[in-house]
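Residue-level listing of the chains:
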Amino acid sequence: MSGNLKKSFVTGVFVIVPLVVSVALLLWFFEKVDNLFSPVIDGIVRVVLPGMSHIPGTGILSGIVVILLVGMIARNVVGKRLLDALDRLIQRLPGFRTVYSTIKQLTNAFSPESTRSFKEVLLVEYPREGSFALGFRTMTAEENGRRLAVVYVPTNNLYLGDVLFLPEDEVVRLEMTVEQAVRILVSGGTAAPPKLKRGFRREA
């Protein structure tokens, strides 16, 4: 009985902590944005609506606008270069880069941009005989009439890995979603199911 209670408590902690931390970070972000833009917004409000000094919710609205603007900038070439330069600068800061890299890897791993090109989850014999790794089919190619699976195998995080061209009969399709596979990789394998089930063949 006490063992079950302990397991339930530990499970509850691991469920609640990420949720609380995520909500706290969002609240902190919107509060900081609200403190930054409130003087400007309140000044405009007083001019447009005399007698009213503050409109509730401007912090959330400002945060959403900032997120949208950053997203728009990140999607064009010039903006992407600027953000990459900022990223490289942050990566050079001792201490802070560890926290930043961890959070960025977790958020990037579940980003739609990360998994959009992954067709299915595969198990491949890599990097040596008798050793297996999770991989993602990105497309299918042909070589001298032979069908090859183009497989991306992450080796460091989701954005660093190797691209393999393997014959179809050398890959094992898993009954697993891309999101589940990403979760396994990000967790260092701790989120892996006790049994891996083979999936049906899909056209890619």
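Residues numbered from 1 in each chain as written. Predicted model: local features only at pLDDT ≥ 70, side-chain atom pairs only at ≥ 80, totals over all residues. Heavy atoms only, no water.

Engineer: Lay out helix H6 (residues 178-186) with the relevant residues and their values.
Structural biologist: Restricting attention to buried positions, one finds in H6 the residues Val178, Ala181, Val182 and Ile184. One face of H6 carries all of its buried residues, which in axial projection span an arc of 155°. Following H6 by one or two positions, Gly188 has its phi on the positive side, about 70°. (Buried < 20%, exposed > 50% of the residue type's maximum accessible area, 1.4 Å probe, protein only. Helix = DSSP H or I, 4+ residues; strand = E, 2+ residues; numbered from the N terminus. Arc of directions from axis to C-beta.)

Engineer: Account for the nonpolar core, naming residues and giving values.
Structural biologist: Counting 13 residues, the largest nonpolar core has Val121, Leu134, Phe136, Leu174, Met176, Val178 and Ala181 as the members making the most contacts within it. At the level of secondary structure, the elements contributing two or more residues to this core comprise strand E1 (120-125), strand E2 (132-143) and H6. Sorting elements by how many residues they give to this core places H6 first, with four residues. Beyond its immediate sequence surroundings of up to four residues, Leu174 is in contact with Val121, Leu122, Leu123, Leu134, Leu196, Lys197, Arg198 and Gly199. (Core = buried A, V, L, I, M, F, W, Y, C linked by side-chain atoms within 4.5 Å. Contact = heavy atoms within 4.5 Å.)

Engineer: Any chance you could break down a negative patch on the surface for me, citing the residues and the numbers?
Structural biologist: The grouping of Glu125, Glu129, Asp169 and Glu170 at the surface amounts to a negative patch. Of note, Asp169 is situated in the loop between strand E4 (161-167) and strand E5 (171-173). (Patch = residues over 30% accessible without salt bridge, like charges linked within 9 Å, V, L, I, M, F, W, Y side chains within 5 Å. Areas by Shrake-Rupley, 256 points an atom, 1.4 Å probe, with all protein chains shown as cover. Salt bridge = Lys/Arg side-chain N within 4 Å of Asp/Glu carboxyl O. Lys, Arg positive; Asp, Glu negative; His and termini not counted. Charge placed at Lys NZ, Arg CZ, Asp CG, Glu CD.)

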